[in-house]
Amino acid sequence: MASARTTGTTARPTGARAHHPQPAGPRPTRARDWAEIQERMLVPLYEAVYDRLEVGPASSVLGLGCRSGLALLLAAGRGAQVSGQEPREELRALAHDRRLRVCAGARPAAAVPRSAHSLVTVFEQLPGAGESAPVVAEAARLTLPGGHVVLAAWGPPERCESAPVLDVARRMAGRTTARDPFELSTPGALEDLLDPAGLRPAGSGRVSCPFAYPDLDSAVRGLLSTGLFEAAEEFSGASLVAKELEEALQPHLRPDGSVRMENVFRYLIAERPR
């Protein structure tokens, strides 16, 4: 990915620079930024998948890593029964505010059988995840025979104007292990996760998901809420990461002060054999 340009007033972390970690900010604030700013950027992805699989009253949808639950709300609006799993308490609280049934652990509710869902979605959890294979295996375990699992990831970086902006996370994470959000964007990467989980491919697609913000501050807050910059903030400090993000976003700043980046996301549909 191309590196973002810098100005003379923006300091860069180097190998010799002292490490002065700063807190990444209150988690509830970041969770609300996700729900109020960033989450809607992926609505075209959610809708494309639901259209493709004809999600409706006969569907039982489980969202793994559902965050504050907008994707589940859209499925519920089509008549589907929905539930979710989200490990972060502050995001679960926002999902609960939306009257969604979301839990932290491996089972959405004690009364739900081991595999009880016609569709299990992994929309946000894979990009930046520590280990992808266990997530896919859990999705397969919770899918009814004949049901579907949907995995989503960023499209090719050359098709995503946000790629140089996201590269700030890698550059400013120092020697820590910042995950590459485009790791699963290479050809065949998502497909390679299916066979070990006992799944077989059943279709795929690409969806345009522009990232559009009313102003620069909203863009920075929205991107930081994704969680992709946490390692960078821990290593370089939250203030410096925010400044670097502002600089990287300058090419996407419009005359009216808004920010827009064209992006492509890819989804893969897998079937659990009967």
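Here is a short report on the structure shown in this document. (Residues numbered from 1 in each chain as written. Predicted model: local features only at pLDDT ≥ 70, side-chain atom pairs only at ≥ 80, totals over all residues. Heavy atoms only, no water.)

**Section: the pairing of strand 4 (residues 117-122)**
With respect to burial, strand 4 is a largely interior element, 5 of its 6 residues being buried. Of the strand pairs in this sheet, strand 1 (residues 60-64) and strand 4 are connected by 3 bridges, and their pairing is parallel. Looking across to strand 4, one finds that L62 is bridged to V120. In this sheet, strand 5 (residues 143-154) lies alongside strand 4 in parallel orientation, the contact comprising 5 bridges. Across the sheet, residue T121 finds its bridge partner in strand 5, namely V150. (Buried < 20%, exposed > 50% of the residue type's maximum accessible area, 1.4 Å probe, protein only. Helix = DSSP H or I, 4+ residues; strand = E, 2+ residues; numbered from the N terminus. Pairing = 2+ DSSP bridges.)

**A look at helix 2 (residues 43-52)**
Taken as a whole, helix 2 has its buried residues at L45, Y46, V49 and Y50. Angularly, the buried residues of helix 2 cover 125° about the axis, an arc narrow enough to put them on a single face. Residues of helix 2 that are buried in the fold lie against strand 1, helix 3 (70-77), strand 4, strand 5, strand 6 (200-208) and strand 9 (264-271). (Arc of directions from axis to C-beta. Contact = heavy atoms within 4.5 Å.)

**Points about the nonpolar core**
Y50, V61, F123, Y213, L223, F229 and L249 are the most contacted members of the largest nonpolar core, which has 59 residues in total. With 6 residues, the top contributor of residues to this core is helix 9 (residues 238-249). Setting aside anything within four residues of it in sequence, one finds F229 in contact with V165, L166, V168, A169, L223, L224, V241 and L245. Within the second largest apolar cluster, 21 residues are counted, among which are V122, V136, A153 and L199. (Core = buried A, V, L, I, M, F, W, Y, C linked by side-chain atoms within 4.5 Å.)

**Topic: helix 5 (residues 132-141)**
Taken across its 10 residues, helix 5 has 7 buried, putting it largely inside the fold. Looking at helix 5, one finds that the buried residues are S132, V135, V136, E138, A139, A140 and R141. Structurally, helix 5 contributes buried residues whose contacts are with strand 1, strand 2 (81-85), strand 4 and strand 5.

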